Amino acid sequence: MARLFISYRRKDSSGYAQTLHEDLLQAFPGMEVFRDLESIAAGEDFVDAIERELDRCNVVLVLVGPHWLSMTDAQGKRRLDNPNDPVRMEIARALTRRGVRVIPVLVGGAVMPDAAELPEELSALGRRNAHEMTDKRWQYDFGELCGVLEKLPGMPMRSAATDSTTQSTSNRSVTGDDDLPLPESFKKPVGRVIGAARKLVWGVGIFFTFILIVAVFVGEEETTPQPAPPPPPFVADDPAPAPVAPVAVASLPTPTPAAPAPEPERDLTGNWTMVDAQGERIPLTLTRQGNDLTLRSPRINVTQHPVWQVYNAVLIQTYGQGVTDIHFEGAGEAYERDVNFALNIFANGNVMINTGSLSLRVANSSTMTGTLRYNSGETSVVTLSRSSGASVN
């Protein structure tokens, strides 16, 4: 049986790795896809399991996210420079295997690093032709990747029921006693409906924005003020003073500017409010330990948010069943002034309906701005502001 190995950093591309893992299993039912989070049994030695799988696989996909190359450890050293770094060890072993195709896969807008930027034992990776997976064209790019894989020796053909437009099925759930899980027939398509709902709201917003711009432009034309006449020429009351001879001044040494102090680690722990382009307000709680961050929102009642109301109405009309609440969970890392999260979006407490990412730029201790991306293709510009109130449980 053909085997494929996905190498990735959890704090850099875990959301993409999860989506790609599920899409590959659907496209190639007869292939084993290894991803450490789900493929290693509890209590099993991590290093032994990784080495065993690398020795058995046909293809290794190396997911390269926006901070894959520059990510640092708690001491501020680049992780790839550590010979014991798990990702470095995975790739180095794969590159030495004969008959194994190692394919760099660029996600989250990342670019392929040069061979000179990599440790010597990974320099061969920098010479490999990379395959880019973009958020907006994920399904097309995935179809192109499948076309490459099925041409490799020992790899199976895609399922007849799957083509390049196959939708992601990120629908894994963990049932709790107080949650109401949705039926399997409902879980699979709900992630796709978010796109249709958000596009509808975006369309309405763009229309009204256009009307407002036209009204302002016409108003400016009707009320354009005439330019004021130029002021009269200035005439001095007193004659110009006689020129004064220059006085010699001893030259002083130019002071050497002090080196800028290193930017202190920003305290991002606390309660924040995220506002997107449609004005939706989502409360979030962030927790920071070193460079690692976690994110969680409370359960959001869909009846209190217009975007989720539209989304829920489409679900009810299409599938006869809707959802009551939505919430976000994420894990990420802070790198200087950049903060990046891999997100999971749940409905009814435990049903995963989508995945994505949140990329932020820290403006100051109380404001961050950036982009919210869903792996189904939608994006939204967001602003995070510190807020007061109880933390999320």
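Quick caveat: nothing in here was measured; it's all calculated off a predicted structure.

A.B. asks: What should I look at first to understand the sheet that holds strand E5 (residues 131-133) in this one?
C.D. replies: What holds strands together in a sheet is hydrogen bonding between their backbones, with the strands either parallel or antiparallel. With respect to topology, five strands assemble into an open sheet ordered E2-E1-E3-E4-E5, the strand pairing being parallel. One side of each edge strand has no neighbouring strand; the edge strands of this open sheet are strand E2 (32-34) and E5. Each adjacent strand pair in this sheet contributes to an overall mean axis angle of 25°, direction not counted. Lying over the sheet, helix H3 (residues 46-56) contacts strand E1 (3-7), E2 and strand E3 (59-64), oriented at roughly 130° with respect to E1. Lying on the sheet, helix H4 (residues 86-96) is in contact with E1, E3 and strand E4 (101-107); it crosses E1 at an angle near 140°.

A.B. asks: Hey, could you run me through the pattern of salt bridges in this one?
C.D. replies: Two side chains with opposite charge may pair up if their charged atoms get near one another. On inspection of all chains with the given rule, the structure shows 13 salt bridges. A salt bridge links aspartate 141 to arginine 137; its shortest N-O distance comes to 3.5 Å. A relative accessible area of 3% places aspartate 141 in the buried class. Residue class for arginine 137 comes out partly exposed when judged on its relative accessible area of 47%. In this structure, arginine 361 and aspartate 338 form a salt bridge, with 3.0 Å as the shortest nitrogen-oxygen distance. Here the residue arginine 361 occupies a position in strand E12 (residues 351-364), and aspartate 338 occupies one in strand E11 (residues 338-347), the gap between them amounting to 23 residues. Looking at arginine 361, the relative accessible area reads 39%, which means it is partly exposed.

A.B. asks: Would you mind showing me how to read the pairing of strand E13 (residues 367-374) here?
C.D. replies: Residues in a regular strand project their side chains so that they alternate between the two faces of the sheet. Relative to E13, E12 runs antiparallel, the two sharing eight bridges. Of the residues in E13, the one forming a bridge with serine 359 is threonine 371. The hairpin formed by E12 and E13 contains two residues between the paired strands. As judged from the seven bridges shared by E13 and strand E14 (residues 379-386), these two strands associate in the antiparallel manner. By the bridge assignment for E14, glycine 370 is matched with valine 382.

A.B. asks: I tried to follow the environment of histidine 305 on my own but got confused; where do I start?
C.D. replies: Relative to the elements of secondary structure, histidine 305 occurs in the loop between strand E9 (300-301) and helix H7 (306-319). Distance from histidine 305 to isoleucine 282, taken between C-alpha atoms, is 9.3 Å for residues 23 residues apart in sequence. Filtering out sequence-adjacent residues up to four positions away, histidine 305 remains in contact with Glu280, Arg281, Ile282 and Ile300.

A.B. asks: Can you help me understand the nonpolar core in this one?
C.D. replies: Most often, soluble globular proteins have nonpolar side chains that are buried together. Ile326, Phe328, Val339, Phe341, Leu358 and Met368 are the most contacted members of the largest nonpolar core, which has 32 residues in total. Every residue in contact with isoleucine 326, bar those within four places of it in the chain, is listed here: Pro298, Arg299, Ile300, Val302, Trp308, Tyr311, Ile345, Phe346, Ala347 and Ile353. Judged by nonpolar contacts, the second largest core, of 26 residues, contains Tyr16, Leu24, Trp138 and Leu152.

A.B. asks: What exactly am I supposed to notice about the packing of helix H1 (residues 10-27) against helix H5 (residues 138-149) here?
C.D. replies: Axis separation between H1 and H5 bottoms out at 11 Å; the angle between their running directions is 55°. Overall, the two elements H1 and H5 adopt an arrangement that is oblique. Viewed along their axes, H1 and H5 form a crossing whose handedness is right-handed. On the side of H1, the interface is formed by Tyr16, Thr19, Leu20, Asp23, Leu24 and Ala27, while H5 contributes Trp138, Gln139, Phe142, Leu145, Cys146 and Leu149. Here the contact of H1 with H5 is composed, by residue class, of nine nonpolar, two polar and one charged.

A.B. asks: Please explain the pairing of E12 as it appears in this structure.
C.D. replies: With 10 of 14 residues buried, E12 is to be regarded as a mostly interior element. Pairing between E11 and E12: 10 bridges, direction antiparallel. In the strand pairing of E12, asparagine 340 is matched with serine 359. Counting the residues that bridge the hairpin from E11 to E12 gives three residues, and of these asparagine 348 lies at a positive phi of roughly 55°.

A.B. asks: Teacher, can you tell me more about the confidence of the model for the protein here?
C.D. replies: Note that predicted coordinates carrying low pLDDT should not be read in detail. On average, the protein scores 75 in pLDDT, and the residues at 70 or more come to 69%. Between residues 220-224, whose pLDDT stays under 50, and residues either more than four places distant or in other chains, the model counts zero contacts. Considering only residues more than four positions removed or in separate chains, one finds that residues 259-263, a stretch of pLDDT under 50, has one contact.

A.B. asks: Just checking my understanding: could you explain empty space enclosed by the protein for this structure?
C.D. replies: A probe as big as a water molecule, rolled over the atoms, marks out the empty space that is left. Considering all chains together, one arrives at four cavities of 30 Å³ or more under this definition. Here the largest cavity defines a volume of roughly 140 Å³. Listing elements by their share of the lining of the largest cavity, those giving two or more residues are H1, E11 and E12. Ranked by the residues each element gives to the lining of the largest cavity, the list is headed by H1, at six residues. Of the residues in the lining of the largest cavity, the class split is four nonpolar, nine polar and three charged.

Cut-offs used in this document
Residues numbered from 1 in each chain as written. Predicted model: local features only at pLDDT ≥ 70, side-chain atom pairs only at ≥ 80, totals over all residues. Heavy atoms only, no water. Pairing = 2+ DSSP bridges. Helix = DSSP H or I, 4+ residues; strand = E, 2+ residues; numbered from the N terminus. Axes fitted to C-alpha atoms, helices over the stretch in contact; angles between N-to-C directions. Contact = heavy atoms within 4.5 Å. Salt bridge = Lys/Arg side-chain N within 4 Å of Asp/Glu carboxyl O. Buried < 20%, exposed > 50% of the residue type's maximum accessible area, 1.4 Å probe, protein only. Core = buried A, V, L, I, M, F, W, Y, C linked by side-chain atoms within 4.5 Å. Parallel < 35°, antiparallel > 145°, perpendicular 65-115°, else oblique. Left-handed = near helix turned anticlockwise from the far one by under 90°. Nonpolar A, V, L, I, M, F, W, Y, C, P; charged D, E, K, R; others polar. pLDDT = per-residue confidence, 0-100. 1 Å grid on protein atoms, 1.4 Å probe; cavity = no way out; pocket = protein on both sides within 12 Å on 5 of 7 lines; lining within 4 Å. Points joined across faces, edges and corners; volume = space filled by probe spheres on them.

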